[in-house]
Each structure stands twice: as C-alpha cells, then as structure tokens.
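Residues per chain, in single letters:
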Amino acid sequence: MKIIGTGSALPKKVVTNGDLESFLDTTDDWIVSRTGIHSRHVISDERLEDLGRDAALKALADAGQKPEDIDLLLCSNVVNEYMTPGLGCIIAAAIGLHCPCIDINCACPGFIYALDIADSYFKVGKVKNVLVVCAEEPSRMTSWQDRATCVLFGDGAGAVVLSEGEGVRSVRIGARPDPDKIWQFRPLEPTPFVTKTETGVPLQMQGREVFRFAVTASVEDIKAVLAEAGLGVQDVDYYMIHQANLRIVEGIRTRLGVPEDKFPTNIADHGNSSSASCPILLDECKRKGLFKPGDKLVFSAFGAGLLTAAALVEW
C-alpha cells in the first residue's frame with residue numbers, strides 16, 4: 001500500500017505557557033526546558049468528531065477520492081464523549097461513508113498500528129482504498145491542576161488515505177505490557193449490584209520511566225524496520241517521531257547519530273496529541289513541500305500500554 005492523501009485539523013483555541021502561569025504553579029521556562037512546548041491547541045466549543053471529519057475530508061480531497069471509493073475506515077482514538085458507537089462510525093456518518101469501520105485504542109502509536117492493520121487487508125486483496133483517521137483530545141484526560149501532565153497535551157486530528165502500491169515498506173508493532181506507567185480510570189454507570197469502590201482518576205504518568213522506555217523502544221523499532229528493508233539510519237530522509245516531548249525526540253536522534261534537519265517537529269506549538277501526532281506532522285510537512293518522490297520516511301511512536309510501533313514509508 002501507499003499513502004495518497006493527507007489531512008489534519010486543529011482546534012482554534014491556542015493555550016500558551018503564559019496562559020497556564022495564571023492558574024498553575026509553573027513558568028514558561030520550566031515547561032519549555034523540560035518539554036520544548038510553548039503552546040498547544042485545545043478543544044473549546046468544537047466536537048472531536050468534527051475535527052476528525054475535517055481531517056478526513058482534507059485527506060480525501062488531497063487523494064482525489066470520494067467517500068464511495070473507501071473500502072474501510074480505521075479510526076484511532078483513546079477517549080471521546082461517546083462510549084458507543086465508536087468514533088469511526090460517527091465520523092463515517094458525517095462524511096457519507098458506507099464501509100466497515102474499525103476503532104482501535106492503541107494510544108500514541110495508534111496511527112502506525114492502523115497502518116499495520118490496513119496492510120493486512122491490502123495483502124489479502126480485500127480493499128483498494130483505506131481511510132485512517134486519528135482523532136484525539138488528551139486535554140480532556142488530564143487534571144488541569146497537575147502541572148506535570150496537563151502542560152504536555154494538545155488536541156487534534158490527522159488522516160491519511162491509503163491505496164494499492166509499494167509505498168509502505170515495513171511496519172513493526174510491539175508491546176511491553178506495563179499499564180501502571182501511563183493510565184487513566186473512568187468509572188462506568190453504577191448498578192444495584194456493584195459493591196466495589198470506583199473513583200475516577202485523571203491521567204497519571206511516571207515521567208522518568210516513560211522517557212527511558214520511549215527512547216530505547218523507538219531506537220530499537222527504527223533499527224528493526226530499517227534492517228528489514230536493508231537500510232541504515234543515514235539512508236532515511238526524514239524521521240517522523242511521535243511529538244511527545246522534544247527531549248525524547250532529541251534523545252532518539254542522538255542515539256541514532258542523525259542530523260537535526262532530518263527530524264521535523266511541531267511540538268513547540270502543538271504539544272502531544274496522542275495518535276494524531278504523527279499524521280498531523282506528516283500532513284503539515286507535506287503541505288510545506290518538504291517531501292519529494294522517493295524520500296524515505298520513518299515513523300516511530302510509543303505510549304500507554306506500553307505500546308510501540310515504527311514504519312518505513314517511501315514517498
């Protein structure tokens with residue numbers, strides 16, 4: 001398969017580090033030095049499904065495809081206002097799709113997990129065109145009194161259209177199950193029979209452990225997908241790393257020994273948008289004219305689970 005169209009959408013509300021100083025015990029210098037983030041887009045009066053719809057429509061237009069051309073929708077989402085139906089069905093209704101919809105919750109690596117699922121459908125000949133939409137609102141998962149977590153996240157949606165071809169050369173997904181490192185608990189509706197205590201807990205993260213895991217896992221995954229294709233780290237034109245923390249991205253780059261100009265970033269004004277991070281970065285780089293035919297792109301992402309993934313794409 002190959003990527004033939006991209007799209008993205010962001011909330012209009014921009015929250016700067018200066019804005020956070022008004023109600024958090026934090027400073028712009030503290031946030032920037034630890035994360036590289038200056039501002040982020042957060043949902044205010046938008047609905048997440050509308051951001052997903054807009055990203056999807058942009059990707060379809062970029063690909064020259066119509067809704068009736070899509071054979072499968074894969075939607076990556078961690079949390080939204082609906083328990084059911086899945087966000088994929090809601091987005092599909094909004095853009096007029098009439099194909100199967102599969103929702104996945106793989107946290108930050110969700111985009112690459114969706115690529116891997118789509119690859120299987122292409123290989124068995126069940127699809128000709130697949131739409132992947134990643135729509136996330138992690139700003140709704142955190143406590144905005146917790147300066148260690150709420151400063152990290154922004155909301156948004158990214159999408160790609162995949163078609164038959166040879167562009168996606170290698171995909172690797174993996175897991176190192178350790179749910180205590182990043183988690184949030186949201187209780188369900190009570191019943192007359194539930195006797196256990198269920199108290200909601202906002203997003204919790206063990207930052208130092210996650211940092212070490214992210215750098216190590218990303219480097220291992222990247223080297224694995226390159227080895228499968230018979231390439232070295234210097235053969236890659238651009239590394240499209242999940243925008244979780246600029247220090248993590250720099251740690252990966254340093255371990256690989258690759259020049260800084262091969263690592264495009266947008267975390268400074270986006271923050272961490274979970275699985276939407278990679279496709280948003282891809283769409284923005286594409287629309288800036290960064291890629292040329294034949295360029296080799298490596299995606300890498302890591303997150304709750306703990307899950308990891310990487311993919312090698314030839315543009």
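Heads up: the structure comes first, above all this text.
Residues numbered from 1 in each chain as written. Predicted model: local features only at pLDDT ≥ 70, side-chain atom pairs only at ≥ 80, totals over all residues. Heavy atoms only, no water.

A. Just the overall build of the protein, in detail. Looking only at helices and strands, the protein features eight helices and 13 strands. Whereas a compact globule of 315 residues would reach a radius of gyration of roughly 20 Å, the protein reaches 19 Å, a difference of no more than 12%. Along the first, second and third principal axes, the C-alpha set of the protein runs to 50 × 50 × 35 Å. In the structure as shown, the protein presents an accessible area of about 13700 Å², 50% of it carried by carbon and sulfur atoms. (Helix = DSSP H or I, 4+ residues; strand = E, 2+ residues; numbered from the N terminus. Rg over C-alpha atoms; globule rule 2.2 N^0.38 Å. Areas by Shrake-Rupley, 256 points an atom, 1.4 Å probe, with all protein chains shown as cover.)

B. Quick peek at the packing of helix α6 (residues 207-229) against helix α7 (residues 246-256). Where α6 meets α7, the axes come as close as 9 Å, and the angle between the chain directions of the two elements is 45 degrees. By the angle class used here, α6 and α7 are oblique. As for the relative orientation of α6 and α7, their crossing is right-handed in sense. Here α6 contributes F211, A214, V215, T216, S218, V219, I222 and K223 to the contact with α7, which in turn contributes R247, I248, G251, I252, R255 and L256. Looking at the contact of α6 with α7, its residues break down into eight nonpolar, three polar and three charged. (Axes fitted to C-alpha atoms, helices over the stretch in contact; angles between N-to-C directions. Parallel < 35°, antiparallel > 145°, perpendicular 65-115°, else oblique. Left-handed = near helix turned anticlockwise from the far one by under 90°. Contact = heavy atoms within 4.5 Å. Nonpolar A, V, L, I, M, F, W, Y, C, P; charged D, E, K, R; others polar.)

C. Highlighting the sheet that holds strand β7 (residues 156-163). Taken in spatial order, the five strands of this open sheet run β1-β7-β6-β4-β5, and their pairing is mixed. In this open sheet, the two strands that pair with only one neighbour each are β1 (2-9) and β5 (101-104). Between one strand and the next, the sheet's axes are offset by a mean angle of 15 degrees, whatever the strand orientation. (Pairing = 2+ DSSP bridges.)

D. Representation of the environment of Y113. The residue Y113 is located in helix α5 (residues 110-123) in this model. Measuring from C-alpha to C-alpha, the distance between Y113 and A309 comes to 6.9 Å, with 196 residues separating the pair along the chain. Other than its neighbours up to four places away in sequence, Y113 contacts I104, C106, I173, G174, L307, T308 and A309.

E. A look at the side chain of T308. With respect to the helices, strands and loops of the structure, T308 is situated in strand β13 (residues 307-314). Taking the relative accessible area as the measure of exposure, T308 reaches 5% and is therefore buried. A polar atom in the side chain of T308 sits 2.8 Å from the side chain of D221. The residues touching T308, leaving out its near neighbours within four places in the chain, are P109, Y113, R172, I173, G174, F213, A217, D221, A301 and F302. (Buried < 20%, exposed > 50% of the residue type's maximum accessible area, 1.4 Å probe, protein only. Polar contact = N/O pair within 3.5 Å; in protein donor to acceptor, adjacent residues only side chain to side chain.)

F. Region of interest: the packing of aromatic side chains. Counting across every chain of the model gives four aromatic pairs. Seen in terms of ring centroids, F111 and F299 are 5.7 Å apart; in terms of plane orientation they differ by 65 degrees. Their pairing is edge-to-face. Placement of F111 in helix α5 and of F299 in strand β12 (residues 296-303) is noted, with a sequence separation of 188 residues between them. Judged by its relative accessible area of 0%, F299 falls in the buried class. Taken together, a centroid distance of 5.1 Å and an interplanar angle of 55 degrees make the contact between F291 and W315 tilted. With a gap of 24 residues between them, F291 in the loop between α8 (277-287) and β12 and W315 in the segment after β13 connect regions that are remote in the sequence. When its relative accessible area of 10% is taken as the criterion, F291 is described as buried. In textbook terms, an aromatic cluster arises when at least three aromatic residues are bridged by ring pairs, as seen for Y238, F291 and W315. (Phe/Tyr/Trp six-rings, centres within 6.5 Å; stacked < 30°, edge-to-face > 60°.)

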